[in-house]
Amino acid sequence: LSVHGWDLARSLGGDAAIDERLAEAAWAMMEPLAPLAAAIGVYGAGPTGTLGDDASAEVRLLDVTGRTHLL
């Protein structure tokens, strides 16, 4: 739901930032699924595989769900 909220905020021109604690919690749930999401194409092109170790949880979450072209 946090990623869908990000989508809506972006489309409406609002503040799309995901709260850091929420992003960390959502990323913790999505991280184990990242390889599967990429393999089955459930999120379009899926993760880029190019994020640095310093990428925030929000960026990682958006990347794994295929929103990389919008960052």
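Whatever comes next refers back to the structure up there.
Procedures and definitions
- Residues numbered from 1 in each chain as written.
- Predicted model: local features only at pLDDT ≥ 70, side-chain atom pairs only at ≥ 80, totals over all residues.
- Heavy atoms only, no water.
- Helix = DSSP H or I, 4+ residues; strand = E, 2+ residues; numbered from the N terminus.
- Rg over C-alpha atoms; globule rule 2.2 N^0.38 Å.
- Buried < 20%, exposed > 50% of the residue type's maximum accessible area, 1.4 Å probe, protein only.
- Contact = heavy atoms within 4.5 Å.
- Areas by Shrake-Rupley, 256 points an atom, 1.4 Å probe, with all protein chains shown as cover.
- Lys, Arg positive; Asp, Glu negative; His and termini not counted.
- Charge placed at Lys NZ, Arg CZ, Asp CG, Glu CD.
- Core = buried A, V, L, I, M, F, W, Y, C linked by side-chain atoms within 4.5 Å.
- Axes fitted to C-alpha atoms, helices over the stretch in contact; angles between N-to-C directions.
- Parallel < 35°, antiparallel > 145°, perpendicular 65-115°, else oblique.
- Left-handed = near helix turned anticlockwise from the far one by under 90°.
- Nonpolar A, V, L, I, M, F, W, Y, C, P; charged D, E, K, R; others polar.
- Salt bridge = Lys/Arg side-chain N within 4 Å of Asp/Glu carboxyl O.

Now for the overall build of the protein chain. Helix and strand counts for the protein chain stand at four helices and zero strands. Computed over the C-alpha atoms, the radius of gyration of the protein chain is 12 Å, within 12% of the 11 Å expected from 2.2 N^0.38 for a compact globule of 71 residues. Seen along its three principal axes, the alpha-carbon backbone of the protein chain occupies a region of about 30 × 25 × 20 Å. The buried share of the protein chain, taken over its 71 residues, is 31%. Counting only contacts in the protein chain whose residues sit at least 6 apart along the sequence, the fraction spanning at least 24 positions is 50%. If you sum the accessible surface of the protein chain, you get close to 4,600 Å²; carbon and sulfur atoms cover 59% of it. Where the 4 positive side-chain charges of the protein chain centre and where its 10 negative ones centre are 4 Å apart.

With that out of the way, let us pick up the nonpolar core. Across soluble globular proteins, you tend to see nonpolar side chains buried next to one another. Judged by nonpolar contacts, the single largest core of 14 residues is most densely connected at Trp6, Ile18, Trp27, Met30, Leu61 and Val64. Among the elements of the structure, helix H1 (2-12), helix H2 (20-30) and helix H4 (57-64) are those that each provide at least two residues to this core.

Within the secondary structure, Val3 sits in helix H1. Between the alpha carbons of Val3 and Asp54 there is a distance of 20 Å; along the sequence they are 51 residues apart. Among residues more than four places away in sequence, those in contact with Val3 are Leu61, Thr65 and Arg67.

The contact between H2 and H4 brings their axes to 8 Å, and the two run at 45°. Comparing their axes, H4 and H2 come out oblique. You can see that H2 and H4 cross each other, and the crossing is left-handed. Between H2, through Ala23, Glu24, Ala26, Trp27 and Met30, and H4, the contact on the second element is made entirely by Ala57, Glu58, Arg60, Leu61 and Val64. By residue class, the composition of the contact of H2 with H4 is seven nonpolar, no polar and three charged.

With that settled, the discussion passes to the pattern of salt bridges. Scanning all chains against the criterion turns up two salt bridges. A salt bridge links Arg67 to Asp7; the shortest N-O distance between them is 2.5 Å. Here Arg67 is found in the segment after H4, whereas its partner Asp7 is found in helix H1, with 60 residues between them in sequence. On the basis of relative accessibility, which here comes to 13%, the residue Arg67 falls in the buried class. Here Arg21 ties to Asp19 by a salt bridge, and the two come within 3.7 Å at their closest N and O atoms. A relative accessible area of 40% means that Asp19 is categorised as partly exposed.

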